[in-house]
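These are the residues of each chain, in order.
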Amino acid sequence: TADQETKGKNQAQAKKAQRVKITDFLNVQTIIPALGSREKNAALEEMADWLAAHHPPLKKKSVLDVLLDREKISTTAIGEGVAIPHGKLPGVERVLGVFARSPEGVDFASLDGAPTHLFFVLIAPENAAADHLKALARISRLLKDEEFRRRLMAGQSSQELYKIISEEDDKF
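Residues numbered from 1 in each chain as written. Predicted model: local features only at pLDDT ≥ 70, side-chain atom pairs only at ≥ 80, totals over all residues. Heavy atoms only, no water.

(A) Up close: the pairing of strand 5 (residues 96-106). Within strand 5, nine of the 11 residues are buried, leaving the element largely enclosed by the surrounding structure. Where strand 1 (residues 31-32) meets strand 5, two bridges bridge the pair, whose relative direction is parallel. Across the sheet, Ile-32 pairs through a bridge with Ala-100, a residue of strand 5. As paired strands, strand 5 and strand 6 (residues 116-125) are joined by seven bridges and run antiparallel to one another. Its bridge partner lying in strand 6, Gly-97 is registered against Leu-122. (Buried < 20%, exposed > 50% of the residue type's maximum accessible area, 1.4 Å probe, protein only. Helix = DSSP H or I, 4+ residues; strand = E, 2+ residues; numbered from the N terminus. Pairing = 2+ DSSP bridges.)

Have a look at this one:
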């Protein structure tokens, strides 16, 4: 019936509205088109510094410490040139992120042994496990697409990279 069809559309719209979008926690200013660091800890420090600089009152040391602690458990470099360093911090009100690209690649102890080129850093509130996991799942899903990864490697500026991410984010 028409009522059931309307109800189904409303449920689908509500579900879509609940989805975590990368653009919810990333903007042009939080994109690093070319990481300067080629070593894992230095790259993490560069990304932590960028995140803290764009999200006061975050402190670089707190962000870096939580990322390094997570890397001690196991690498966040998942292969295919991708890493998703992440952690939770007290006082953070929502998921925050940085996207960074290393054209030369970073030795990030990747599961496949290859250099890592694409980084999504996520910092989440301590009590937001669901949002944190949804954000990680969203990024993982998009980065499984080889064509998307290729487009990210080809993008030149922060604006161009953001546009590529935003367009891919809107597809799902």
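Next comes the rest of the write-up.
(B) Representation of the packing of helix 5 (residues 146-154) against helix 6 (residues 158-171) within the structure. Between helix 5 and helix 6, whose axes approach to 9 Å, the crossing angle comes to 160°. With respect to their mutual orientation, helix 5 and helix 6 come out roughly antiparallel. Where helix 5 crosses over helix 6, the handedness of that crossing is right-handed. Along the contact surface, helix 5 presents Phe-148, Arg-151, Leu-152 and Ala-154, while helix 6 presents Glu-160, Leu-161, Ile-164, Ile-165, Glu-167, Glu-168 and Lys-171. Here the residues of the contact of helix 5 with helix 6 are counted per class, giving six nonpolar, no polar and five charged. (Axes fitted to C-alpha atoms, helices over the stretch in contact; angles between N-to-C directions. Parallel < 35°, antiparallel > 145°, perpendicular 65-115°, else oblique. Left-handed = near helix turned anticlockwise from the far one by under 90°. Contact = heavy atoms within 4.5 Å. Nonpolar A, V, L, I, M, F, W, Y, C, P; charged D, E, K, R; others polar.)

(C) Focus on helix 3 (residues 60-73). Relative to the 20 Å expected for 14 residues at 1.5 Å per residue, helix 3 spans 21 Å between its end C-alpha atoms, a close match to the ideal helical length. Taken residue by residue, helix 3 has Val-63, Leu-64, Val-66, Leu-67 and Glu-71 as its buried positions. The arc that holds the buried residues of helix 3, viewed along the axis, is 165°, so those residues lie on one side. Opposite the buried face of helix 3, by more than 90 degrees, sit the exposed residues Lys-61, Lys-72 and Ile-73. In the core, the buried residues of helix 3 are packed alongside helix 2 (40-54), strand 4 (86-89) and strand 6. (Expected span 1.5 Å × (residues − 1). Arc of directions from axis to C-beta.)

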